[in-house]
Amino acid sequence: MQGKRVFVSGGAGVIGQEIVPRLLKRGATVLVGDLKPRPADFGPEVIYRRGDLNAMTTAEFEAFAPDVFIHLAATFERSTETYGFWEENFSHNVGLSHHLMTLAKDAPSLKRVVFASSYLIYDPDLYQFDAARDQPTRLKETDPILPRNLTGMAKLAHEIELRYLEPFVADRFSTVCARIYRGYGRNSRDVISRWIRALLKGEPLTVFRPEGLFDYIYAADTAEGLIRLCETGSLTGIINLGSGRARRVSEVIEILAGHFPDMAFTVEESDIPFEASEADLSLLDEVLGWRPVHGLEEAIPEMIAFERSRLAKPLSAPAQLKVLLSSASRKVPLLRALETAAQAVDPEAEVICGDANGEALTAHISKAFWQMPTTRPENLDLLIEGCRSRGVQLVLPTRDGELMFWAQNAGAFRQAGIEVLVSSPVAVNTCLDKLEFSRFGGLNNLPVIPTVLDLEDLPGDRFVVKERFGAGSRGVAINVDRSAARAHAQLLDQPIFQPYVAGGEISVDAWLDRKCRLKGLVLRRREVVVNGESQVTTTFRDPAIEAEAGRVLNALGLSGPVVLQIMISPDGRPHIIECNARFGGASTTGIAAGLDSLRWSLLEAQGEDLGVHPFHRIAGEVRQIRAPADVYDLIA
């Protein structure tokens, strides 16, 4: 594996935590994708992508350019699958496997795919019985198949998908499906691990069907076997991966009793069938010349030592991701986009809508609503405590009028364990104050429209008059003469004046990281505008405008999602009107075009490496029409 680039899906799981260090030791570069937080023992040399891999893009996959793809990611339930597993299995087994191979099948770098399948595919009539058996059934790769549950069905479905792809991709990469038997290992939910944890707590064990015969394979051996299959590119199709030796449940109990002399257990009746299975390893012997080396006697002491060390240093479970959408008001599209982004990071994530108005529209739409105190300095302690009591970890401000409060108090929230997705106070002030924004543009040689307090400081005969602070559309007068400009200024609190620039107005949705580096931007035309917000907007490409917009954004010192407003004069030159240091009303269009700004913000706030989440702008364009939609709740 020296010099190979290996993508491991589900690499933070039981097998993954065994496979990753072995790959690194063999000289591979490893990208791990998993829903779980980065394991503590994964060093910086492991490239880690946290989040739902159903959201992984072709650009992400090809940016890493893997030579080898080891597909471990899966969800399962022990013994009987519950009713609720129906959707989970489809999303994280059937759908995920299909999605990842859709990304992989056309990747030019790929040479080998190893899929962690399961012996649950075999017909259970071969190895499950009404009475205990003296000898196990030795299952061969050619034996009849009939998956005994949804997990087995999902594994078989992907095996068939890989078989389907084979004639189309055989000249580029090869695939092998390892049918793994009864896995157990450190940091697992398997029955042996659960029994060890119970015994360390002094709890008695409950045992069902002690006569059962299972082929137990230790996760360390599974990892070694899968890596060897990566290295052996000649084998395609199906191969068994087990220990090759069935052991009774009663033998596991005996081994545990040797380490826990005071162990107590009871055997309870059950209506589950008696299992008697083991793997035929003839093909594994032929192809690899290798067999698993850990028996129960060697593996169980390692697992006991591991569980003891966990008790000495208890591991706290990662908290459910909770994000506060501040000033949620009527921002239903933003709410939906934030929910999608949060659940791509953590499937259990929750978005809490917050607004000072208890009758805000989102109060009736969101699953969780908080009638917040207003964002004023005197309410700082109330807001911090309100966030803490609700488990909020991240705050996304959405209104110009609150940005300075959040920016100035981000440090206080951070001390309370709450991250605010907002730019620095200096950058926020530059964007909120149109006069300061114009001065900043002049000092930095940026194409910002001149702004003055005194109309006499401007030449020309057509002008724009607006408020110095606040939304640019509030109280604005456009394309008026000097007399009308003076008259309109009398109606405003703090009027400023700008020369009128004829042309078309565009918006630029952009995202910058915490170091104020631009990750990506999307241009869109504002085709129908109502009350300052685009009701119809369409993305487009223009390298010159993109470059100039990027120059402006990099100079402003902003971070997170922002929106730049630009007037394009008939000669094609950009004239910067203003910048909103927040997610815009129609910025969901940018997300649809590939600017995954909300998910990037959440991942960055949690310390994830955004290098594995590249910006990939879609090839086509997106038109967004912001039409009202009815929402119906069924009331019993």
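My aim in this report is to walk through the structure given alongside it, one point at a time.

### Remarks on helix H10 (residues 332-345)
1) Next: Between its first and last C-alpha atoms H10 spans 20 Å; for 14 residues at 1.5 Å apiece the expected length is 20 Å, and the two agree.
2) Next: Among the 14 residues that make up H10, 10 are buried, leaving the element largely enclosed by the rest of the structure.
3) Next: Within the sequence span of H10, burial applies to Val-332, Leu-334, Leu-335, Ala-337, Leu-338, Glu-339, Ala-341, Ala-342, Ala-344 and Val-345.

### Concerning the packing of aromatic side chains
1) Next: Taken as a whole and assessed by the stated rule, the structure comprises 14 aromatic pairs.
2) Next: Residues Phe-7 and Phe-69 carry aromatic rings whose centres are separated by 5.2 Å and whose planes lie at 15° to one another, so their mutual orientation is stacked. Linking Phe-7 in strand E1 (residues 5-9) with Phe-69 in strand E4 (residues 68-71), this pair joins segments that are 62 residues apart in sequence.
3) Next: For the ring pair Phe-42 and Tyr-48, a centre distance of 6.3 Å and an interplane angle of 65° mean the geometry is edge-to-face. Assigned by exposure class, Phe-42 and Tyr-48 land together as buried.
4) Next: Members of the aromatic cluster, each reached through a chain of ring pairs, are Tyr-184, Phe-214, Tyr-216 and Tyr-218.

### Examining empty space enclosed by the protein
1) Next: Counted under the stated rule, the structure contains 5 cavities of 30 Å³ or more.
2) Next: Estimates place the volume of the second largest cavity at around 50 Å³.
3) Next: Forming the walls of the second largest cavity are Leu-396, Pro-397, Leu-403, Leu-421, Val-422, Ser-423, Ser-559, Gly-560, Pro-561, Ala-581, Arg-582 and Phe-583.
4) Next: Grouping the constituent residues of the lining of the second largest cavity by class yields 8 nonpolar, 3 polar and 1 charged.

### Some remarks on the pairing of strand E26 (residues 504-512)
1) Next: In terms of residue burial, E26 counts as a mostly covered element, since 7 of its 9 residues are buried.
2) Next: Relative to strand E29 (residues 560-568), E26 runs antiparallel, the two sharing 9 bridges. Its bridge partner being in E29, Trp-511 is matched across the sheet by Pro-561.
3) Next: Judged from the 7 bridges that link them, E26 and strand E27 (residues 518-530) form a sheet pairing that is antiparallel. Bridge pairing links Ile-506 to Arg-525 in E27.
4) Next: Hairpin connection, E26 to E27: the antiparallel pair is bridged by 5 residues, and Cys-516 has positive phi, about 65°.

### Description of the pairing of strand E30 (residues 574-580)
1) Next: In terms of residue burial, E30 counts as a mostly covered element, since 7 of its 7 residues are buried.
2) Next: Relative to E30, E29 runs antiparallel, the two sharing 6 bridges. Across the sheet, residue Val-563 finds its bridge partner in E30, namely Asn-580.

### Considerations on the side chain of Arg-524
1) Next: Relative to the elements of secondary structure, Arg-524 occurs in strand E27.
2) Next: At 3.5 Å, the side chain of Arg-524 and the side chain of Thr-537 are in polar contact.
3) Next: Among residues more than four places away in sequence, those in contact with Arg-524 are Ile-506, Ser-507, Asp-509, Ser-534, Thr-537, Thr-538, Thr-539, Phe-540, Val-563, Ala-586, Ser-587 and Thr-589.

### Here's the deal with the state of the cysteines
1) Next: Throughout the structure, instances matching the rule amount to 0 disulfides.
2) Next: No disulfide involves Cys-177; its sulfur sits 13 Å from that of Cys-230, the nearest cysteine.
3) Next: The cysteine Cys-516 is free of any disulfide, with Cys-431 supplying the nearest cysteine sulfur at 11 Å.
4) Next: Of the residues examined, Cys-516 reaches a relative accessible area of 25% and is grouped as partly exposed.

### Some details on the side chain of Ser-366
1) Next: Of note, Ser-366 is situated in the loop between helix H11 (361-365) and strand E20 (369-371).
2) Next: When its relative accessible area of 11% is taken as the criterion, Ser-366 is described as buried.
3) Next: For Ser-366, the side chain forms a polar contact with the main-chain oxygen of Ala-368, separated by 3.0 Å.
4) Next: With residues up to four places along the chain from it excluded, the contact list for Ser-366 reads Leu-335 and Cys-353.

Rules used throughout
Residues numbered from 1 in each chain as written. Predicted model: local features only at pLDDT ≥ 70, side-chain atom pairs only at ≥ 80, totals over all residues. Heavy atoms only, no water. Helix = DSSP H or I, 4+ residues; strand = E, 2+ residues; numbered from the N terminus. Expected span 1.5 Å × (residues − 1). Buried < 20%, exposed > 50% of the residue type's maximum accessible area, 1.4 Å probe, protein only. Phe/Tyr/Trp six-rings, centres within 6.5 Å; stacked < 30°, edge-to-face > 60°. 1 Å grid on protein atoms, 1.4 Å probe; cavity = no way out; pocket = protein on both sides within 12 Å on 5 of 7 lines; lining within 4 Å. Points joined across faces, edges and corners; volume = space filled by probe spheres on them. Nonpolar A, V, L, I, M, F, W, Y, C, P; charged D, E, K, R; others polar. Pairing = 2+ DSSP bridges. Polar contact = N/O pair within 3.5 Å; in protein donor to acceptor, adjacent residues only side chain to side chain. Contact = heavy atoms within 4.5 Å. Disulfide = S-S within 2.5 Å.

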